[in-house]
Every structure is written in structure tokens, then in C-alpha cells.
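Commentary on secondary and tertiary structure
Spelled out from the first residue to the last, the chains are:
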Amino acid sequence: MAAVVAMPAVFTSCGDDEPETPENPDAPENPDTPQSPVVGTWVDEWDLCYVFRADGTGMLAEDYQEYPGGVDFCEIKYTYDDESKELIIYILDDGTWEYEDTYYVVAFTDEYAIVQEGDDDEMYKFARQTTPLVTVDVEEKGPVREEWGERCYEYYVDSKAGSCYFDIEPHILWHENLPPLTLKSTINKYDRIGYEVIGDNPCYLSVSYSDNNTTHEKLSTIELQFANADNSVRVTCPITIHQEPAY
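Basis of the calculations
Residues numbered from 1 in each chain as written. Predicted model: local features only at pLDDT ≥ 70, side-chain atom pairs only at ≥ 80, totals over all residues. Heavy atoms only, no water. Phe/Tyr/Trp six-rings, centres within 6.5 Å; stacked < 30°, edge-to-face > 60°. Helix = DSSP H or I, 4+ residues; strand = E, 2+ residues; numbered from the N terminus. Buried < 20%, exposed > 50% of the residue type's maximum accessible area, 1.4 Å probe, protein only. Lys NZ or Arg CZ within 6 Å of the ring centre and 35° of its normal. Pairing = 2+ DSSP bridges. pLDDT = per-residue confidence, 0-100. Contact = heavy atoms within 4.5 Å. Axes fitted to C-alpha atoms, helices over the stretch in contact; angles between N-to-C directions. Salt bridge = Lys/Arg side-chain N within 4 Å of Asp/Glu carboxyl O.

Before going further, it helps to spend a moment on the packing of aromatic side chains. Applying the stated criterion to the full structure yields 6 aromatic pairs. Between Phe52 and Tyr78 the ring centres are 5.0 Å apart and the planes differ by 85°, which places this aromatic pair in the edge-to-face class. Here Phe52 is found in strand β2 (residues 48-52), whereas its partner Tyr78 is found in strand β4 (residues 72-81), with 26 residues between them in sequence. We note that Phe52, like Tyr78, is buried. Plain terms: the ring middles of Tyr155 and Phe166 are 4.9 Å apart, the flat faces sit at 70° to each other, and that makes the pair edge-to-face. One end of the pair, Tyr155, is in strand β11 (residues 153-157); the other, Phe166, is in strand β12 (residues 162-173), with 11 residues separating them in the sequence. Across the pair, Phe166 and Tyr155 agree in class, each one buried. Sitting over the ring of Tyr112, Lys125 keeps its end group 4.4 Å from the ring centre.

Below, the structure is given as C-alpha cells:
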């Protein structure tokens with residue numbers, strides 16, 4: 001049975017914590033022969049996804065299911081000692097590798113891992129993923145505000161004519177190399193709205209809207225559909241825009 005490991009439930013965003021050990025977090029080493037048992041993709045019950053690649057790099061994705069608008073990414077590096085079961089994580093913060101924390105394997109199976117954070121007695125459980133996960137990072141720009149809907153963030157604009165913009169980048173959360181996601185098609189649903197897409201991954205979505213002279217809210221949804229070259233991984237990212245009614 002292959003040993004596995006993952007991080008605890010608390011995601012620490014990139015910050016100013018002083019490193020405790022080791023003293024030089026800029027160049028962590030992680031021997032890959034034989035391949036470390038930590039390699040894999042893991043998810044906890046708080047929607048945190050951890051990707052550990054064979055080359056000692058990886059990714060943290062917080063709220064990876066909350067797209068568009070809610071995903072938070074950090075690139076990571078890690079070292080793992082198979083004898084002590086010690087895992088040390090570094091997070092990339094503004095171009096600098098910062099020491100994050102140390103974790104220890106407590107128990108494991110083929111389906112999950114139990115780990116302990118430092119000297120903390122609390123245990124955390126993580127599920128091993130057997131298929132790739134996907135998510136979409138969306139950053140809005142211009143006179144638009146975001147609000148949480150039933151399953152994702154939705155966007156609101158004024159009743160007057162204007163425009164807004166979105167930077168959109170899909171990610172495959174997986175520890176092995178897969179063909180990257182690219183934009184395959186777009187669909188405009190409900191109230192028609194003007195838009196233009198530049199690029200395929202990442203892509204830039206420009207949206208323009210005319211005056212809403214009605215007494216009801218206009219609702220437009222632009223669905224961006226991404227897939228990789230062999231169509232083994234797909235994701236649809238809905239950008240839903242509410243335009244306020246005239247009063």
C-alpha cells in the first residue's frame with residue numbers, strides 16, 4: 001500500500017509569517033527517486049484542494065468549486081521525509097518562497113490520509129482524488145460588483161449603459177501532466193448582451209450593455225466552455241450579469 005499524505009484543514013494565505021525551519025526556504029530540495037508517496041491530488045471537506053507533483057512543486061486551491069469569483073490559488077513547493085513522515089510546505093508569496101508549516105502522517109489508506117499539524121493533537125482527513133478536478137479563476141474589472149448566488153458568484157451593473165471586463169483562467173487540478181484547457185465555445189443565454197472574448201487560456205472577456213429602460217432587471221449569462229485537446233477534461237464557466245432596472 002502506497003503511503004500518502006496531505007495538509008490540514010486550515011488554509012493559510014500568503015502572508016508575513018517568519019520562517020522557523022529550514023532557514024533557506026527559497027530553494028527547497030525534494031529527491032524524486034523513488035517517487036515520493038506524497039505525490040497526488042487531495043481534497044478536504046472545506047473545499048481545499050492540494051496538488052503535490054513529483055518534482056516537489058504543487059498548488060493549493062481554496063474554494064475551488066466556487067467559480068467564477070471565489071477561487072484562491074497559491075503555488076507551493078514541498079519536501080517530504082519518508083522515514084520521519086515529515087512534510088514541509090512553502091508558499092509562493094509575491095515572488096518569494098515563504099515557509100508555511102510542518103505536517104506529519106499519522107495514518108493512511110488507499111482512499112484517504114490522516115495528518116497532524118506540527119505539535120497540534122488535532123487530526124485532519126483528506127480524500128485522494130482519482131480523476132482530475134477543474135476550476136476557473138475569474139477577476140472582474142470595471143464598474144461591476146460581485147455577490148454570492150446559489151452556487152457561484154454573480155455580477156451586478158448599473159441601469160445605465162457601460163462596460164465591464166473579466167480576466168478568466170481555467171486550471172486542471174492534477175499532479176500529472178495533462179493537455180491544458182482552452183476555450184472551445186461561448187453561449188449567450190437569456191437577455192442578449194454584447195461581448196467579445198480575446199484569447200483561449202487565459203482569456204479576456206469584454207462585456208458591453210445598453211441602457212435598461214424597463215422596470216425589470218435584465219439577466220444575461222455568458223457561458224464559456226473549456227476543454228483540453230483530447231476532451232478528457234471539460235469545464236463550463238458561467239458569467240451571469242444582472243443589470244438594474246430603471247426607476
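With 7 of 10 residues buried, strand β16 (residues 218-227) is to be regarded as a mostly interior element. Sheet topology places strand β13 (residues 182-190) next to β16; 8 bridges connect them, and they run antiparallel. Residue pairing for β16: Thr182 is matched across the bridge by Ala227. Looking at chain direction, β16 and strand β17 (residues 234-243) are connected through 10 bridges and run antiparallel. Paired with Lys218 across the two strands is Gln243, which belongs to β17.

Our focus in this paragraph is the confidence of the model for the protein. When pLDDT is averaged along the protein, the result is 84; 86% of the residues meet or exceed 70. Contacts from residues 1-24, a stretch scored under 50 in pLDDT, to residues over four places away or in other chains number 72 contacts. A low-confidence stretch, residues 30-34 stays under pLDDT 50, and its non-local contacts, those more than four residues away or across chains, total 8 contacts.

Taken in spatial order, the 8 strands line up as β1-β2-β3-β4-β5-β6-β7-β8 and close into a barrel, and their pairing is antiparallel. The sheet shows a mean angle of 35° between the axes of neighbouring strands, taken without regard to direction. Of the strand pairs in this sheet, strand β7 (residues 112-117) and strand β8 (residues 123-128) are connected by 5 bridges, and their pairing is antiparallel. For Gln116, the partnering residue across the bridge sits in β8 and is Met123.

The next point concerns the sheet that holds β16. Here we have 5 strands laid out as an open sheet, ordered β10-β11-β17-β16-β13, and mixed in their pairing. Two strands lie at the open edges of the sheet, namely β10 (145-148) and β13, each paired on one side alone. Across this sheet, the average inter-strand angle for adjacent strands is 25°, counted without regard to direction. Looking at chain direction, β11 and β17 are connected through 3 bridges and run parallel. Paired with Val157 across the strands is Gln243, a residue of β17.

Time to look at the pattern of salt bridges. Tallied over the full model, the rule gives 7 salt bridges. With a closest N to O distance of 3.3 Å, Lys85 and Asp82 form a salt bridge. Looking at Lys85, the relative accessible area reads 24%, which means it is partly exposed. Using a relative accessible area of 43% as the deciding quantity, one classes Asp82 as partly exposed. In this structure, the salt-bridge partner of Lys141 is Asp167, at a minimum N-O distance of 3.5 Å. Within this pair, whereas Lys141 is found in strand β9 (residues 133-141), its partner Asp167 is found in strand β12, the two being separated by 26 residues in sequence. We classify Lys141 as partly exposed; its relative accessible area is 32%.

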